[in-house]
Amino acid sequence: MTGQEPDDGSAPGVDVADVAVVGAGPVGLTLAALLGQAGRSVVVLERYPGLYGLPRAASFDGEILRLLAELGALEELWPTLHVHTSYDWSNAAGEILLSMQSRLVGDSGWPDMVTFHQPDFERALHARCASLPTVEVRHGATVTGLGQTEEEVRVGTAAGGTVRAHYVVGCDGGNSFVRAELGIEQDDLGFAEPWLVCDFKLRRPAAELGLPSALQIGDPEEPTTIITTGGGHQRFCFMLDDADVGREFSDGQTWQRVKRYLTPDDAAIVRVATYTFRSLIAQRWRDGRILLAGDAAHQMPPFLGQGMCSGIRDAANLAFKLDLALAGVREPGVLDTYQSEREPHVRGLTATSMELGRQHTLTDHELARQRDETMRARRDSREEPERIRLPDLGPGLHGPGGGIRSVQGKVDDGRQTGLLDQVVGGGFRLLVREDRLGGVDVPALRAAGVPVIVIGELAGNGVVADVDGTLHRWFDRLGAAAIAERPDHYVLAAGPDPNEVARELLASCMRESSLT
């Protein structure tokens with residue numbers, strides 16, 4: 001590898017960290033913030049001289065909002081976000097054939113769907129990283145080499161420096177240097193469509209201009225996506241012919257594309273770029289002490305708005321497992337559960353996104369007509385609103401009843417009322433129904449390091465009140481008296497016997513237990 005490789009971390013030009021993160025995009029910054037919040041030392045190496053500064057990703061869901069709130073990055077970002085209540089599909093004639101409903105308060109305690117302006121998002125994440133004393137983000141640091149032993153990884157940069165880290169995570173995008181350096185191949189799932197993506201800064205609110213909030217138009221002449229993003233921005237996406245891939249579009253050509261919706265009096269062009277939307281998944285997400293996350297590990301078409309969300313889920317999954325491994329609570333083999341859990345989730349979302357994309361991008365008029373008929377019949381036969389359903393985790397660090405997203409409701413502990421995370425904190429925890437508490441040795445559990453949250457009707461005497469009934473409905477749906485949660489807001493175990501659920505939690509964390 002390039003860079004200095006002295007024998008000890010005290011030599012000039014060498015830095016030592018628990019984790020080195022390659023790439024300071026949303027995934028890399030989220031991972032660094034999560035690890036820094038846990039007290040881990042992190043160096044983020046980014047080849048660009050500053051934050052990227054241009055919009056790319058545009059949406060995230062309630063699960064990601066919950067994570068950002070716990071990170072303390074949401075307060076600054078919230079005023080810039082656009083909350084959606086539906087994601088609509090229409091045919092060329094403008095008939096709405098599908099309306100995916102988004103709740104203002106979903107299972108995670110936050111709206112199901114919001115959009116953002118990526119520069120605003122990255123500034124908020126960067127500010128959070130900058131506030132953490134153990135996190136350093138280095139811009140203009142191009143990684144040029146990797147070398148690992150059983151004990152560490154050495155990361156070389158173009159400037160000749162070296163970072164020594166216990167672990168390295170490549171969050172360096174679809175053209176990942178880390179993935180290429182490790183020789184990791186990708187599975188191509190067979191989707192490749194060229195699109196023109198145009199971002200605008202609006203001079204007036206989108207509603208005043210009559211712009212769709214979130215709309216896909218299945219026009220065989222020109223499949224189109226229109227979406228209001230954060231901070232007063234609007235995005236238009238147009239499917240291209242193969243001949244248009246890589247060509248530059250003038251401002252005049254861009255305005256011609258959007259003339260039905262916008263004029264230069266309404267908005268200013270922020271960015272115009274061509275992309276080929278792909279479906280690629282790395283065959284290996286871990287090579288010893290080096291791991292991949294985000295687009296470096298997987299790329300999916302954007303038709304579900306879940307590409308960046310999936311990368312942030314990678315970061316949340318990895319962060320607490322790296323923390324367990326670094327603390328010696330778990331052997332490094334726990335990191336093998338990262339890909340086993342996340343890859344099935346990603347593959348499920350990718351398959352759904354590909355199918356939506358293929359239906360959206362039909363250019364044969366007869367096939368488009370048949371699609372419209374099928375969608376119209378499905379719309380007319382549904383009795384409940386259609387919603388996006390996310391997959392569960394694959395096998396990994398969870399037991400019976402685990403692997404599903406956890407639910408968050410509003411609670412009151414007698415001192416404050418708010419969302420569960422705000423009132424009781426995050427991390428590993430055991431939720432127990434007050435009416436099923438008999439026989440549970442709560443002091444022994446707490447002595448073993450397990451936070452026990454007793455959920456009841458009235459606050460006080462160690463009981464947290466379920467203000468809106470969300471948690472009791474969740475217990476009933478799972479048939480559970482106790483639910484063990486992980487730091488990434490997934491269920492570790494759930495069931496009718498609180499002590500069995502607690503043992504699953506203790507075993508997963510390898511903590512000593514006085515339970516019999």
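Let me begin by describing the structure that accompanies this report. On a predicted model such as this, the values are computed, not experimentally measured, just so you know.

### What to know about helix α7 (residues 307–326)
Relative to the 28 Å expected for 20 residues at 1.5 Å per residue, α7 spans 28 Å between its end C-alpha atoms, a close match to the ideal helical length. Most of α7 is tucked away, with 17 of its 20 residues classed as buried.

### Notes on the nonpolar core
F60 and L430 are the most contacted members of the largest nonpolar core, which has 119 residues in total. No other element matches the 11 residues that α7 contributes to this core. Ignoring sequence-local partners within four residues, the contact set of L430 consists of L445, V450, P451, V452, I453, A482, I483, A484, V501, A502 and L505. L196, I217, I226 and F236 belong to the second-largest nonpolar core, a separate cluster that totals 19 residues.

### Let's talk about the packing of α7 against helix α8 (residues 336–360)
It is the contact of α7 with α8, at a shortest axis distance of 10 Å, that shows an interaxial angle of 165 degrees. On the basis of the axis angle, α7 is roughly antiparallel to α8. The way α7 lies across α8 gives a crossing that is right-handed. Where α7 approaches α8, its residues S310, R313, D314, N317, L318 and K321 are matched on the opposing element by T337, Y338, E341, R342, H345, V346 and L349. The residue inventory of the contact of α7 with α8, partitioned by class, reads four nonpolar, four polar and five charged.

### Section: the packing of helix α1 (residues 26–37) against α7
Running from amino to carboxyl end, α1 crosses α7 at an angle of 25 degrees, the nearest separation of the two axes being 9 Å. When the axes of α1 and α7 are compared, the pair comes out roughly parallel. Pair α1 / α7 crosses with right-handed handedness. Seen from α1, the contacting residues are P26, V27, T30, L31, L34 and L35; seen from α7, they are M308, G311, I312, A315, A316, L318, A319 and L322. Broken down by class, the residue content of the contact of α1 with α7 amounts to 12 nonpolar, two polar and no charged.

### Examining the pattern of salt bridges
Between side chains of opposite charge, a pair can form as their charged atoms come close. Per the counting criterion, the structure on display carries 38 salt bridges. As a salt-bridge pair, D323 and R40 come within 2.7 Å of each other at their nearest N and O atoms. A residue pair is termed long-range when its members are at least 10 positions apart, and D323 in helix α7 and R40 in the loop between α1 and β2 (42–46) qualify at 283 residues. Among the salt bridges present, the one from R138 reaches E136, with a minimum N-O distance of 3.0 Å.

### Describing the sheet that holds strand β20 (residues 410–412)
Strand order in the open sheet formed by seven strands is β21-β20-β24-β23-β22-β25-β26, and the pairing between neighbours is mixed. Each edge of the open sheet carries a strand with a single partner, namely β21 (417–419) and β26 (491–495). For this sheet, the mean inter-axis angle between neighbouring strands, taken without regard to orientation, is 30 degrees. Sheet topology note: the strand β25 (residues 482–485)/β26 ladder contains four bridges and is antiparallel. Within β26, the position partnered with I483 by the bridge is A494. In the packing of helix α12 (residues 470–478) onto the sheet, contacts are made with β20, β22 (429–433), β23 (452–456), β24 (463–466), β25 and β26, and the angle to β22 comes to roughly 85 degrees.

### Remarks on the side chain of D372
Inspection of the secondary structure assignment puts D372 in helix α9 (residues 365–381). Here R371 takes part through its side chain, which lies 3.1 Å from a polar atom of the side chain of D372.

### Regarding the sheet that holds strand β3 (residues 59–61)
If you walk across this open sheet you meet the three strands as β3-β7-β4, and the pairing is antiparallel. Edge positions in the sheet fall to β3 and β4 (82–83), since each of these pairs with one other strand and no more. With respect to the sheet, helix α2 (residues 62–71) is in contact with β3 and β7 (113–115), its orientation differing from that of β3 by roughly 85 degrees.

### Regarding unusual backbone geometry
You will see that N461, though not glycine, has its phi angle at about 55 degrees, which is positive. Inspection of the secondary structure puts N461 in the loop between β23 and β24. Given the relative accessible area of 86%, N461 is considered exposed.

### A few points about the side chain of S86
Mapped onto the fold, S86 is located in strand β5 (residues 86–91). Of the polar contacts made by the side chain of S86, one reaches the side chain of D88; its length is 3.3 Å. Here S86 is in contact with S99, M100, Q101, S102 and A214, once residues within four sequence places are set aside.

### With respect to α1
Counted at 1.5 Å a residue, the expected span for α1 with its 12 residues is 16 Å, and the 16 Å between its end C-alpha atoms agrees. Every buried residue belonging to α1 is among P26, V27, G28, L29, T30, L31, A32, A33, L34, L35 and G36, and all of these are buried. G39 occupies a position one or two residues after α1 and carries a positive phi of about 90 degrees.

### Comments concerning the packing of aromatic side chains
For the coordinates displayed, the defined rule picks out 15 aromatic pairs. Ring geometry for F236 versus Y261: centroids 5.5 Å apart, planes at 45 degrees, classification tilted. Placement of F236 in strand β15 (residues 233–239) and of Y261 in the loop between α6 (251–257) and β16 (267–282) is noted, with a sequence separation of 25 residues between them. Site record: aromatic cluster; members linked through ring pairs are F200, F236, F238, W255 and Y261. Above the ring of Y52, the side-chain terminus of R56 is found at 4.0 Å from the ring centroid. One residue, R289, lies across the ring of Y167, its end atom 4.8 Å from the ring centre.

Criteria and thresholds
Residues numbered from 1 in each chain as written. Predicted model: local features only at pLDDT ≥ 70, side-chain atom pairs only at ≥ 80, totals over all residues. Heavy atoms only, no water. Helix = DSSP H or I, 4+ residues; strand = E, 2+ residues; numbered from the N terminus. Expected span 1.5 Å × (residues − 1). Buried < 20%, exposed > 50% of the residue type's maximum accessible area, 1.4 Å probe, protein only. Core = buried A, V, L, I, M, F, W, Y, C linked by side-chain atoms within 4.5 Å. Contact = heavy atoms within 4.5 Å. Axes fitted to C-alpha atoms, helices over the stretch in contact; angles between N-to-C directions. Parallel < 35°, antiparallel > 145°, perpendicular 65-115°, else oblique. Left-handed = near helix turned anticlockwise from the far one by under 90°. Nonpolar A, V, L, I, M, F, W, Y, C, P; charged D, E, K, R; others polar. Salt bridge = Lys/Arg side-chain N within 4 Å of Asp/Glu carboxyl O. Pairing = 2+ DSSP bridges. Polar contact = N/O pair within 3.5 Å; in protein donor to acceptor, adjacent residues only side chain to side chain. Phe/Tyr/Trp six-rings, centres within 6.5 Å; stacked < 30°, edge-to-face > 60°. Lys NZ or Arg CZ within 6 Å of the ring centre and 35° of its normal.

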